[in-house]
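So you can see what is in the structure, the chains are spelled out below.
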Amino acid sequence: MKCFITFNEPLCFIGLGYCGTIYAPGLNCSSREAFAAAHHVLMAHGLAVKTLRKYGRQELQIGYAPTGRFTYPKTHSKEDIQAAKDMMFHEIAVKEWEWSVTWWSDPVFLGKYPEDALEAYKGIVPDFPAEDMELICQPLDFAGQNIYDGRMVEMGKDGKPVFSPELLGFAHTHMKSPVTPEILYWMPQFLYERYGKPVVITENGISNGDLISLDGKIHDGCRIAYLERYLQKLGEAAELVPIMGYFHWSLMDNFEWACGYQERFGLVYVDYQTQERIMKDSGCWYADVIRTNGECLF
C-alpha cells in the first residue's frame, strides 16, 4: 500500500453532525465546541500523517479528501475569475466556516487558519497553540477534493463578488444538486494556485434514478452524459495544472449517509432485495475511459 487519505469529508460530519443533527453523532454543539471539534479532526489528520511517514516501509503518497462550497467564474474575464476566488476563499470562509475550502485546507497546507474567518469569529474560536498548527501542517503529496458541483459567480457593479442567478430549468441530479461541469476546470486551477500541490479529484459522480429496463439492463445515459462533460473539463484543466488522479463515486450503489439507500451513485446496480449486481451502461462505458486513460473522451 503506497497511497493514503487520512479523512474523507470532515466538513460533513462536523457541519451536519456536530453543528447540526442530520448526520451522526447529531450533537448540535455550540459554535465554540464545533470549532474545537474541527480543530481536533485536523490534529488527528496531522498525527496520522506523522505516523504513516514514521512506520511506512516504502515511500508513501499521502493526502486527505475534504469537500466544500465551490465557485467558478461566469466568464473568463479577470474580474469574474477574481470574483469566484474571492467568494470561495474569503466570503464563504466568513459566512460558512464549516463548509469553506480555506478553513479545512489552509491549516493543512499553509499552517494557519484564514485570517478573515478568525477575525469574523473572534471571541468564539478557541486559542489554538502554535504546536497544534505545526502538527496539522504536515508535508502532503497532493491536494484532494471531493467535487460535485459549484455556484457561478460574477463581479458585481460595486466591485464585490455576487452569485449569478441559476437558469430556469437548470440540469440537476436525483439529489437536486446542480450539474456544473465547469467546476472541474476551475477548481484544480484555484487549488493549485493557492496550495501548490498536484490535485486529486477524490470524489465525483451523480445520483441517478436508475431503473431496471425490460431487457434486464440499466440504461443510465444521464450518468454517461454527466461524466463525459465533467471529465472533458478536467482534461482541459490537466493541460494547465498537474492532476494526479480522479476517483468516480461510486463503484456500486451504496448506503449514502442520512439518505440511506434511496440515492444510487454506482456504476454497478445493487438489487437490495436479492443482492444481485448488474453492470450499468455507465459501467461498461467507464471501462473504456479507464482502458484509454480518458482518450476516448476527446
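S.K.: Break down the overall build of the chain for me, citing the residues and quoting the values.
M.R.: Summing up its helical and strand segments, the chain has nine helices and 10 strands in all. By the compact-globule yardstick of 19 Å for 298 residues, the chain fits well, its C-alpha radius of gyration being 20 Å. Each principal axis of the C-alpha atoms in the chain carries an extent, and together these give about 60 × 55 × 40 Å. Put simply, the chain has 298 residues, and 49% of those count as buried. Long-range pairs, those at least 24 residues apart, make up 68% of the contacts in the chain between residues at least 6 apart in sequence. Entry remark: accessible area of the chain is about 15,300 Å², with carbon and sulfur atoms responsible for 55%. Side-chain charges of the chain comprise 27 positive and 39 negative groups, with the mean position of each set lying 2 Å from the other.

S.K.: An account of the packing of aromatic side chains is requested, with residue identities and associated values reported.
M.R.: Counting across every chain of the model gives 16 aromatic pairs. Among the aromatic residues, those joined into a cluster by ring pairs are Phe35, Trp97, Trp103, Tyr113, Tyr121 and Phe128. The lysine or arginine in question, Arg194, covers the ring of Phe89, its NZ or CZ lying 4.6 Å from the ring centre.

S.K.: Quick one: what's the story with the pairing of strand 7 (residues 199-204), residue by residue and with numbers?
M.R.: For a regular strand, side-chain orientation follows a simple rule: the groups alternate between the two sheet faces. Of all six residues that make up strand 7, six are buried, and the element is covered over most of its length. One ladder, built from four bridges, connects strand 4 (residues 143-146) with strand 7; its direction is parallel. Bridge assignment links Gly144 to a residue of strand 7, and that residue is Val200. Note that strand 7 and strand 8 (residues 243-248) share four bridges and pair parallel. Note that in strand 8 the partner of Ile201 across the bridge is Tyr246. This β-α-β element, strand 7 to helix 8 (residues 221-238) to strand 8, shows right-handed connectivity.

S.K.: Tell me about helix 2 (residues 31-55), residues and numbers included.
M.R.: For helix 2, with 25 residues, the first-to-last C-alpha span of 36 Å sits near the 36 Å given by 1.5 Å per residue. Restricting attention to buried positions, one finds in helix 2 the residues Ala34, Phe35, Ala37, Ala38, His39, Val41, Leu42, Met43, His45, Gly46 and Val49. Among the structural elements, strand 1 (3-8), helix 1 (10-15), strand 2 (61-65), helix 4 (101-110) and helix 6 (130-136) are those in contact with the buried residues of helix 2.

S.K.: Explain the environment of Val41 residue by residue, including any values.
M.R.: Mapping Val41 onto the fold places it in helix 2. Assessed through its relative accessible area of 10%, Val41 is described here as buried. Sequence-wise, Val41 and Phe7 are 34 residues apart; in three dimensions their C-alpha atoms are separated by 8.5 Å. Apart from residues lying up to four places away in sequence, Val41 is in contact with Phe7, Pro10, Phe13, Ile14 and Trp104.

S.K.: How would you sum up helix 8? Please name residues and give values.
M.R.: Helix length check: helix 8, at 18 residues, gives a terminal C-alpha distance of 25 Å against a target of 26 Å (1.5 Å per residue), a fit within 8%. Buried within helix 8 are the following residues: Arg223, Ile224, Tyr226, Leu227, Tyr230, Leu231, Leu234 and Ala237. Buried residues of helix 8, viewed axially, fall in a sector of 155 degrees; they line one side.

S.K.: Could you give an account of the pattern of salt bridges, with specific residues and numbers?
M.R.: Here the idea is simple: oppositely charged side chains can pair when their charged atoms come close. Under the counting rule described, the total for this entry stands at 13 salt bridges. Two residues, Asp106 and Arg194, come together in a salt bridge whose shortest N-O distance is 2.9 Å. In this pair, Asp106 is assigned in helix 4 and Arg194 in helix 7 (residues 183-195), connecting sequence segments 88 residues apart. Owing to a relative accessible area of 3%, Asp106 belongs among the buried residues under this scheme. Residue Arg223 is joined to Asp220 by a salt bridge in which the shortest nitrogen-to-oxygen separation is 2.6 Å. For the pair Arg223 and Asp220, one class covers both residues: buried.

S.K.: Describe the sheet that holds strand 8, and please don't skip the residues or the numbers.
M.R.: The three strands are arranged 4-7-8 in an open sheet whose pairing can be described as parallel. Strands at the two margins of the open sheet, each flanked by one partner only, are strand 4 and strand 8. Direction aside, the axes of adjacent strands within the sheet are offset by 15 degrees on average. Docked against the sheet, helix 8 engages strand 7 and strand 8, running at close to 170 degrees with respect to strand 8.

S.K.: Tell me what's going on with the environment of Ala24, and back it up with residues and numbers.
M.R.: Tracing the sequence through the fold places Ala24 in the loop between helix 1 and helix 2. Considering only alpha carbons, one finds Ala24 and Lys78, 54 residues apart in sequence, at a separation of 42 Å. If sequence neighbours within four positions are ignored, Ala24 has contacts with Phe13 and Gly17.

What counts and what doesn't
- Here, residues in each chain are numbered from 1, in the same order as that chain's written sequence.
- For a predicted model such as this one, the threshold for reporting local features is a pLDDT of at least 70, and the threshold for listing and counting side-chain atom pairs is 80 or more; totals across whole chains, interfaces and linings nevertheless cover every residue.
- Side-chain calculation: all heavy atoms of the structure are included, whereas hydrogens and water are not.
- The numbering of helices and of strands both runs from the N terminus, where a helix is a DSSP run of H or I of at least 4 residues and a strand a run of E of at least 2.
- Note on method: radius of gyration uses C-alpha positions; expected globular size equals 2.2 Å times residues raised to 0.38.
- Only protein chains enter the accessibility calculation, which uses a 1.4 Å probe; a residue whose area is less than 20% of its type maximum is buried, one above 50% is exposed, and one in between is partly exposed.
- The contact rule is simple, with two residues in contact once any of their heavy atoms fall within 4.5 Å.
- For the accessible areas, the method is Shrake-Rupley and the probe is 1.4 Å, while residue cover comes only from the protein chains on display.
- This count recognises Lys and Arg as positive and Asp and Glu as negative, with His and chain-terminal groups excluded.
- To locate a charge, take NZ of a lysine, CZ of an arginine, CG of an aspartate or CD of a glutamate.
- Paired rings are identified among Phe, Tyr and Trp, the last through its six-membered ring, by centres lying within 6.5 Å, and are further divided according to the angle between planes into stacked (under 30 degrees), edge-to-face (over 60) and tilted (the rest).
- Two limits define a charge over a ring: the Lys NZ or Arg CZ must be within 6 Å of the ring centre, and within 35 degrees of the ring normal.
- The rule for pairing is simple: two strands pair if DSSP sees at least two bridges between them.
- For the handedness criterion, the strands are oriented away from the viewer, and a crossover whose path from the first strand over the helix to the second runs clockwise is classed as right-handed.
- A helix is expected to span 1.5 Å multiplied by its residue count minus one.
- Arc, as used here, means the arc of the directions from the helix axis to the C-beta atoms.
- Salt bridge, as used here, is a side-chain nitrogen of Lys or Arg placed within 4 Å of a carboxyl oxygen of Asp or Glu.
- Axes here mean lines fitted to C-alpha atoms, for a helix over just the part in contact, with angles spanning 0 to 180 degrees between N-to-C directions.

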